[in-house]
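# Breakdown of the fold
This is what each chain is made of:
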Amino acid sequence: METIIQYENDNIVALLQGRLDTAAAVKTEQEIKPLYDCEGRDIILDCTQLQYISSSGLRIFLGVLKAATLKKSHVFITGLNQDLKKVFDITGFTNLFEMK
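Residues numbered from 1 in each chain as written. Predicted model: local features only at pLDDT ≥ 70, side-chain atom pairs only at ≥ 80, totals over all residues. Heavy atoms only, no water.

## Brief notes about the overall build of the protein chain
Broken down by element type, the protein chain carries four helices and five strands. Secondary structure of the protein chain in N-to-C order comes out as β-β-α-β-α-β-α-α-β. In summary, the protein chain has a C-alpha radius of gyration of 12 Å against a globular reference of 13 Å for 100 residues, a match within 12%. Reported as C-alpha extents along the three principal axes, the dimensions of the protein chain are approximately 30 × 25 × 20 Å. A total of 100 residues make up the protein chain; the buried ones form 41% of that total. Restricting to contacts in the protein chain with at least 6 residues of sequence separation, those with at least 24 account for 68%. Summed over all atoms, the accessible surface of the protein chain reaches about 5600 Å², with 51% contributed by carbon and sulfur. (Helix = DSSP H or I, 4+ residues; strand = E, 2+ residues; numbered from the N terminus. Rg over C-alpha atoms; globule rule 2.2 N^0.38 Å. Buried < 20%, exposed > 50% of the residue type's maximum accessible area, 1.4 Å probe, protein only. Contact = heavy atoms within 4.5 Å. Areas by Shrake-Rupley, 256 points an atom, 1.4 Å probe, with all protein chains shown as cover.)

Given below as structure tokens:
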């Protein structure tokens, strides 16, 4: 699992690549710490290259959403494949996040 943080315009973009499973969650949580300091910038979680997400990965996404909401920012998710979309639908995360 690899996470790349980029700043584009007034957004913070996290490019997520690989499998966000329990084993990768600790490292990924450290790599996304810049998202918690969004200071009013919107966050885009780019899942175009994300192959899998476990409950640990969903917990990380939820943490980003909570931090962003406190700072009056929005979290957008883009690039979910069909399998990930099903996971988000089943867990109700589709209703929590804004999809692009």
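## With respect to the pairing of strand 3 (residues 42–53)
For strand 2 (residues 11–20) and strand 3, the ladder comprises nine bridges, and the chain directions are parallel. By the bridge assignment, A14 is partnered in strand 3 with L45. Taken together, strand 2, helix 1 (residues 22–31) and strand 3 constitute a β-α-β crossover, and its handedness is right-handed. For strand 3 and strand 4 (residues 75–78), the ladder comprises four bridges, and the chain directions are parallel. Counterpart to I44 in the pairing with strand 4 is F76. Regarding the hand of the β-α-β motif, the stretch spanning strand 3, helix 2 (residues 55–70) and strand 4 is right-handed. (Pairing = 2+ DSSP bridges. Right-handed = clockwise from strand over helix to strand, strands pointing away.)

## Observations regarding the packing of aromatic side chains
Counted according to the given criterion, the structure contains five aromatic pairs. Three or more aromatic residues link up through ring pairs in this structure, and these residues are F61, F88, F93 and F97. The ring of Y52 has R19 sitting right over it, with the charged end atom 4.3 Å from the ring centre. Looking at K100, its charged tip hangs above the ring of F76, at a distance of 4.7 Å from the centre. (Phe/Tyr/Trp six-rings, centres within 6.5 Å; stacked < 30°, edge-to-face > 60°. Lys NZ or Arg CZ within 6 Å of the ring centre and 35° of its normal.)

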